[in-house]
There are 4 protein chains.
Amino acid sequence: MGIGQREDLVHAFQRVRARSLEIAAPLSPEDCLAQSMPDASPIKWHLAHTTWFFETFILEPNEDGFAPFHPAFRVLFNSYYNGVGAKHPRPHRGLLSRPSLDEVRAYRADVDRRMAALLGGPKGIEVAALVELGLQHEQQHQELMLTDLKHLLAQNPLYPAYTPQAMASGTQPAAADWIAFEGGLAEIGYKGSGFCFDNELPRHRTYVAPFALASRLVTNGEYLAFIDAGGYRDPSLWLAEGWDRVCAGEITRPLYWVEGDDGRWQEFTLHGLQALDPARPVTHISLYEADAYARWRGARLPTEAEWEFAARRAALAGGALHPEAASGEGLQQMFGACWQWTASSYAPYPGYAPAPGAIGEYNGKFMVNQYVLRGSSCATPEGHARASYRNFFPSGARWQFTGIRLAR
Amino acid sequence: MGIGQREDLVHAFQRVRARSLEIAAPLSPEDCLAQSMPDASPIKWHLAHTTWFFETFILEPNEDGFAPFHPAFRVLFNSYYNGVGAKHPRPHRGLLSRPSLDEVRAYRADVDRRMAALLGGPKGIEVAALVELGLQHEQQHQELMLTDLKHLLAQNPLYPAYTPQAMASGTQPAAADWIAFEGGLAEIGYKGSGFCFDNELPRHRTYVAPFALASRLVTNGEYLAFIDAGGYRDPSLWLAEGWDRVCAGEITRPLYWVEGDDGRWQEFTLHGLQALDPARPVTHISLYEADAYARWRGARLPTEAEWEFAARRAALAGGALHPEAASGEGLQQMFGACWQWTASSYAPYPGYAPAPGAIGEYNGKFMVNQYVLRGSSCATPEGHARASYRNFFPSGARWQFTGIRLAR
Amino acid sequence: MGIGQREDLVHAFQRVRARSLEIAAPLSPEDCLAQSMPDASPIKWHLAHTTWFFETFILEPNEDGFAPFHPAFRVLFNSYYNGVGAKHPRPHRGLLSRPSLDEVRAYRADVDRRMAALLGGPKGIEVAALVELGLQHEQQHQELMLTDLKHLLAQNPLYPAYTPQAMASGTQPAAADWIAFEGGLAEIGYKGSGFCFDNELPRHRTYVAPFALASRLVTNGEYLAFIDAGGYRDPSLWLAEGWDRVCAGEITRPLYWVEGDDGRWQEFTLHGLQALDPARPVTHISLYEADAYARWRGARLPTEAEWEFAARRAALAGGALHPEAASGEGLQQMFGACWQWTASSYAPYPGYAPAPGAIGEYNGKFMVNQYVLRGSSCATPEGHARASYRNFFPSGARWQFTGIRLAR
Amino acid sequence: MGIGQREDLVHAFQRVRARSLEIAAPLSPEDCLAQSMPDASPIKWHLAHTTWFFETFILEPNEDGFAPFHPAFRVLFNSYYNGVGAKHPRPHRGLLSRPSLDEVRAYRADVDRRMAALLGGPKGIEVAALVELGLQHEQQHQELMLTDLKHLLAQNPLYPAYTPQAMASGTQPAAADWIAFEGGLAEIGYKGSGFCFDNELPRHRTYVAPFALASRLVTNGEYLAFIDAGGYRDPSLWLAEGWDRVCAGEITRPLYWVEGDDGRWQEFTLHGLQALDPARPVTHISLYEADAYARWRGARLPTEAEWEFAARRAALAGGALHPEAASGEGLQQMFGACWQWTASSYAPYPGYAPAPGAIGEYNGKFMVNQYVLRGSSCATPEGHARASYRNFFPSGARWQFTGIRLAR
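The name recorded for chain A in an unreviewed UniProt entry is Ergothioneine biosynthesis protein EgtB, from Massilia phyllostachyos. Here chain A is described in UniProt, under the heading Pathway (unreviewed entry), as follows: "Amino-acid biosynthesis; ergothioneine biosynthesis."

What follows is the structure, given as structure tokens:
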């Protein structure tokens, strides 16, 4: 790492760390405490946990005379690293009224100060890779801050907006085209000299049969036609597990759709409750719904290999609080609108090896009963998306900005 | 209601309403939001709900040109009154980051202002009885604010104190005496011209066989002897339901007892974690534990009729944040230390009739599968205790300041 | 015990033991194995457990050279006696395909043979009281065999009859009268030289205010009027716990009522599915329903003291497989139709003391969160009913032959 | 279908149908009724459901003047075919004491008679493919009959044997070799003119990187070393979901291992409780355990493509009630000992299309959150195994004869 790279890293560190606080800025301490379900975490917890990551994995082994900011934080803000020791139980994160939000901000400031000192000193070079990992980790949590917050606000009958704003209706996009790909023996996985997560490696050969992808994501208007046609009442369209959830009343429409007293659909967004825009992509749907919709259309979901094969020349985009309608030509909305469910379960690539030690718990131990989502969403931080990126969630998860890309 | 009475009521209104804010004063907005279990409510919710009571039952039918402070609050802060309409689900009260604590304070101020106008006007006389009920209701919630808060803070591994303070050890009281009562055909239930709840009426005759009560509550030291003697391991001491909970690991010691690394017992209090004081009364125990302890001692729990029979001449006391050790002679600690489990299920007195309308949902509909507790606790507001008072909780409830009075 | 008494006991033993086998006679081994819910037990288990009672509590301590019929049965067929040791988990009783029904019959025959020898020998006198308890215990299980079986058969879409038979409609009884009682200082509890359970003792004084009881039980026709009037949709009629169950869809009509495709009500009985007879008493209802119905009628449920006060001169009756319609004059159906919910929780009488040892687990440890039912039902064995008898079940239990006697 | 083929089919029909009754022959009606968990079904239900399959899918559309054996059986014995209509709830199959086992045998005889008539008549040719499917379906249930029965008997503290027999210890096999495969662009999926399930199609190209398989399955002795080395206490070896189950106490050793009072391991088998044989393959383990064991050995589980690639020349074997020890050279135990967990989630092959109508619910709708197992087990019926066969179960399932084949 030359001086230039070191400065880049310091700037990246400052920029990413500042962004987390920006996300929290419009929120009250109460907004930052509440936890709406075990899968979601409070904003305050995200702010503390991302700091804990730097303190635990970088400062502790590298800082001279290291002393923790607060000895209890090692347990309180450990997410799932068994190698680090005990963890505070995840469903109870919303009960931690102490430390206060102000104390967590002080924790961030303290760690940032010590990290700046470390990065400027002789060990700055050694820790660069881990710092990069910590920043990517924090960016992942930035997206979760927004989706967890959205889930919390949606539970409130007042439907409060994160940032109040009237949303303009998008222009209705043209019918989706099928873009054909020849496939063949291909390589997938990360290639390059930048950062990637361990689950994107090793790059390896795979055979991809000829396939086609829809040129854009499925819209709200198209999904509404599926609902109106009885899509949620026809078991022949559904995976058995999904149908069980439909019958149990757990899945009846996209997560944040609200039927008004006048029968018109509205959608809860981070800008508050809005009239449902038929032009924008449908979002906050489970794998079950994505799969049922595809079956109704006589199509299917892509595999992750197909998606990555197709994405190599797609344009990066994004950076809003709700997915925009498609516009333009060719393969659109691969990035920046909604994460796209694939038919691929989350599994190790041939030859995959996690890092040694607690940091190796990052990805590998979750490789069962989860499905890969590809692309990125409107809430994904800038610079965090790439064609080889593998996001993953259980098949029933709906609180992320998930959407549908058809394949055949 | 003459002028003097009206002024008394206005003063009482101001004093009780101010007290709720005093309880919340040392707390942050975060402390006031979190909900540690479905049975407990956030402080902010208590502040709003007690205000909702005045707005809904007094202002709405009596104020000229009534308009609600916020139309959604009718649902958000309704606890259980079906007659008023829909209710926000109880287990989700901790998710209401909005309205903020400041908005709830504004709600209180607004209702207080309007109530003052009403009380000073021509309808002041008509509503006096309802205002009295609303104040008594608010006092009940003041005790719950402290017990719900204690439960919340106890979930936090930092064991934060509500008001930090070192607690002095009490002087070890003398062995309890048995105070004998002749019993006979007696009357129980409220008698007098002051306020009482409908469940204390009608005063009625009952036959009480001769009995004796212990002169004071069971102490921590005495209860520790029960634990050390294997009380939690001997099924012959327990009601079957209680033993099931012991076997399931749900009941292993009083709720807030913590065993230190050195094997010494500590107790979590509103003043923080403290060394267990053997002189103070044992508290935060279920009916199952009270009953098992009594059986171990060859005694039993009193009935509510026995308790009331004995209490007619007992001294009122109280007003701390943790029960004090007994001192003095004769029948002690009937009031002001711990609520005392009785063997009586909560049932209507002969001829009981609830008030008409939604206000009638106050007591009667809970008269099944709950047990009566008598006396009052250190957290009971001044002026809220009397010999005929009937508190009630399910047999497994432990987060109130409950204790054990033996009978035989 | 003279020779005559000994012979009586031997005959009673033979008669009661034979009756259990008679109840099982029309059933297949499959019918005798299945368990439809944790609260119910298989017929085979009842046959074995009642035998285990004699083997464990009488033969084991009294038989020379005692050896168990099968060493594993001590655990397999222990119901809830912690003093005896381990128990097979109650919800898994229906998994015991071995021992077979034939083996259990052999177990019964072996114990009966050994009991006969014991009763005819020198220890016959000593064990007489325990034998009497064992027979009363077996009679309780005989009623449970019928109610547990009914619950099982009701789960089967074929609605199989235990004993197929067309049920004649009863004659519509006259409107119920109110029979007034003066009350006063009275004694309740068992008095006499026959058998009673420990929970009926000691006989003791209690004060009973003047009251009135309905002359007969509430009929199906009367209960139907409650349903048709929206009784299950009006929260003001219900205890809060009951209303929660109504809202959860758990309670919507009496347990075995079935609405036919033509909208007519049918009732599943041990004689199969039958047209609902408006003349017969409503049965298989919870305390919540009994209480709500009474409130709808402007009445209430009796206390157990009132019931016993009134029952002292009531006629014993019973012995069918479904409750009969009322006929005659005065206080009817106190016995032999339906167990009658009271407003009294199941609690020890003043001075109550259970027997020492495991046999003392019979009654006392269940004295919490259960309600007393008085009288007897059509399924109660002959000779098992008396005015002081205290049956008890949780407030939500509906699979017994429970009914409603109004009071005011 | 010529005459010869028709006779073959008739013979196959008779042989397979007879085999189901043979499996049930040693069992009592009680053994055939009980259901030990929702995932398992009673033997009687298997006997009826396999018959229902022929009646519903073959007789109903093809038999002249079709009338069902019993109209209620359409619902009672439908497993999961939404296209056929309502289903009796799966967890309640063990409550169907009626119809009796004898009636189900009569149902089988009746359908067999009508099937024989149909097969011998003019429609025999048309239905041949469906009959073949029905027989394969019945063979799948034959394996389930044995595994469901084993699970039931294992719940019984008497540990009854299905067929009592002392099991000889196997000869300790030599250390496993690594058999290397070059891989490359290969085809997998069924190829041939015999029967296969729709999920084995279409045969398609896939790229397989070079790999090696262990020459035999992991033995009990080897697995015991993993336990003794603390395998169940080291989170670094486990998938996160698996570790959660370990921590919850749900997974602590292979399902049917029992630790004797002397500390020696025993294993419950269909021949009763036996000393654990270190030479036989470990069986009844979850995917989590298979995966953790592989990680401990520095290996991994094979993908289904690797397994099929290697299996093309493997010998078929099997037909016992417990897996045998390995013997011989080269790649052993691919078939006939234990189903082998793979790392592949159960997903459609490229171009997969289920059959139209209710019969199409056979496979496709289960393609989520399940993992593929390859090979066959000791309980797989003769003639039911092939290299392309795809068995599938959730990752936590342990009641099948599952085992571990290592890969690297």
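J.: Help me understand the interface of chain A and chain B in this model?
T.: Taken together, the contact pairs 25 residues of chain A with 25 residues of chain B. Elements supplying a minimum of two residues to the side of chain A that touches chain B: α3 (73–76) and α5 (128–155) of chain A. Along the lines of polarity and charge, the residues of the side of chain A that touches chain B split into 13 nonpolar, 9 polar and 3 charged.

J.: What is the right way to read helix α3 (residues 43–62) of chain B from this model?
T.: For an α-helix, 3.6 residues make a turn, and residues three or four places apart therefore share a direction. Residue and element names in this part refer to chain B. Relative to the 28 Å expected for 20 residues at 1.5 Å per residue, α3 spans 28 Å between its end C-alpha atoms, a close match to the ideal helical length. The principal kink in α3, of about 30°, is found at Glu55. Burial within α3 is extensive, with 17 of its 20 residues counted as buried.

J.: It is not clear to me how the sheet that holds strand β8 (residues 339–345) of chain A should be interpreted in this structure. Could you clarify?
T.: The pairing of strands in a sheet happens through backbone hydrogen bonds and is either parallel or antiparallel. In space, the 4 strands of this open sheet follow the order β10-β9-β8-β11 (chain A), with mixed pairing throughout. With one partner strand each, in any of the chains shown, β10 (391–393) and β11 (402–403) of chain A form the two edges of the open sheet.

J.: Even after reading the chapter, I still don't get the UniProt feature "domain: Sulfatase-modifying factor enzyme-like" (unreviewed entry) in chain A, so can you show me in this structure?
T.: Under the local residue numbering, the UniProt record ascribes the feature "domain: Sulfatase-modifying factor enzyme-like" (unreviewed entry) to residues 176–314 and 327–408 of chain A. A helix fraction of 0% and a strand fraction of 20% characterise residues 327–408 of chain A, whose end C-alpha atoms lie 22 Å from each other.

J.: Is there a simple way to explain the relation of the copies chain D and chain C in this structure?
T.: Relating one copy of the chain to the other takes a rotation about an axis and a shift parallel to that axis. It takes a turn of 180° to lay chain D on chain C, together with a shift of 0.0 Å along the axis; the resulting RMSD is 0.0 Å. Both chain copies can therefore be described as sitting about a two-fold axis. Taking the C-alpha atom as reference, chain D places Glu30(D) closest to the rotation axis, 2.5 Å from it. When you check the interface residues of chain D against chain C, 100% turn up at the interface there too, and the contact is symmetric in its surfaces.

J.: Explanation requested: the UniProt feature "domain: DinB-like" (unreviewed entry) in chain A in the structure shown.
T.: When the UniProt feature table is mapped to this numbering, "domain: DinB-like" (unreviewed entry) covers residues 12–144 of chain A. For residues 12–144 of chain A, the end-to-end C-alpha separation is 20 Å, with 56% helix and 0% strand making up the annotated structure.

J.: When you look at the domain arrangement of chain A in this model, what are you seeing that I'm missing?
T.: Accessible area lost upon the coming together of the parts serves often as the stated size of an interface. All names here are of chain A. Split by domain assignment, chain A resolves into domain 1 (3–155) and domain 2 (178–403). The C-alpha centroid of domain 2 is placed 27 Å from the C-alpha centroid of domain 1. Residues of the side of domain 1 that touches domain 2, tallied by class, amount to 7 nonpolar, 7 polar and 4 charged.

J.: I tried to follow the environment of Ala279(C) on my own but got confused; where do I start?
T.: Residue and element names in this part refer to chain C. Residue position: Ala279 is located in the loop between β7 (272–275) and α9 (287–296). Taking the C-alpha atoms as reference points, Ala279 and Glu222, 57 residues apart in sequence, are found 8.8 Å from one another. Discounting chain neighbours no more than four positions away, the residues touching Ala279 are Ser169, Gly170, Thr171, Gln172, Pro173, Thr219, Gly221 and Ala325.

J.: How should the arrangement of the chains be read in this particular structure?
T.: Separated throughout, chain A and chain C approach each other most closely at a C-alpha pair spaced 14 Å apart. Across all C-alpha pairs, the smallest distance from chain B to chain D is 14 Å, and the two are not in contact.

J.: Before we go on, may I ask you to explain the sheet that holds strand β11 (residues 402–403) of chain D in this structure?
T.: Residue and element names in this part refer to chain D. One open sheet accounts for 4 strands, arranged β10-β9-β8-β11; its pairing is mixed. Each edge of the open sheet carries a strand with a single partner, namely β10 (391–393) and β11. Relative to β10, strand β9 (residues 371–374) runs antiparallel, the two sharing 3 bridges. When the bridges of β10 are listed, Tyr371 appears paired with Phe393.

J.: Any chance you could explain the interface of chain D and chain C here in plain terms?
T.: The partner chain C presents 25 residues to the 25 residues of chain D that form the contact. For the side of chain D that touches chain C, the secondary-structure elements that each account for two or more residues are α2 (29–33), α4 (73–76) and α6 (128–155) of chain D. Examining the composition of the side of chain D that touches chain C, we find that 4 residues originate from one element, α2(D), more than from any other. Across the side of chain D that touches chain C, the residue classes tally to 13 nonpolar, 9 polar and 3 charged.

Rules used in this analysis
Residues numbered from 1 in each chain as written. Chains lettered and ligands numbered in written order. Predicted model: local features only at pLDDT ≥ 70, side-chain atom pairs only at ≥ 80, totals over all residues. UniProt positions renumbered as here; feature names shortened; annotations may be inferred. Contact = placed C-beta atoms within 7 Å. Helix = DSSP H or I, 4+ residues; strand = E, 2+ residues; numbered from the N terminus. Nonpolar A, V, L, I, M, F, W, Y, C, P; charged D, E, K, R; others polar. Expected span 1.5 Å × (residues − 1). Bend = angle between axes of the 7 residues up to and from the residue. Buried ≥ 20, exposed ≤ 12 C-beta atoms within 10 Å, placed from the backbone. Pairing = 2+ DSSP bridges. Least-squares fit on C-alpha atoms with pLDDT ≥ 70 in both. Domains from an automatic or database assignment.

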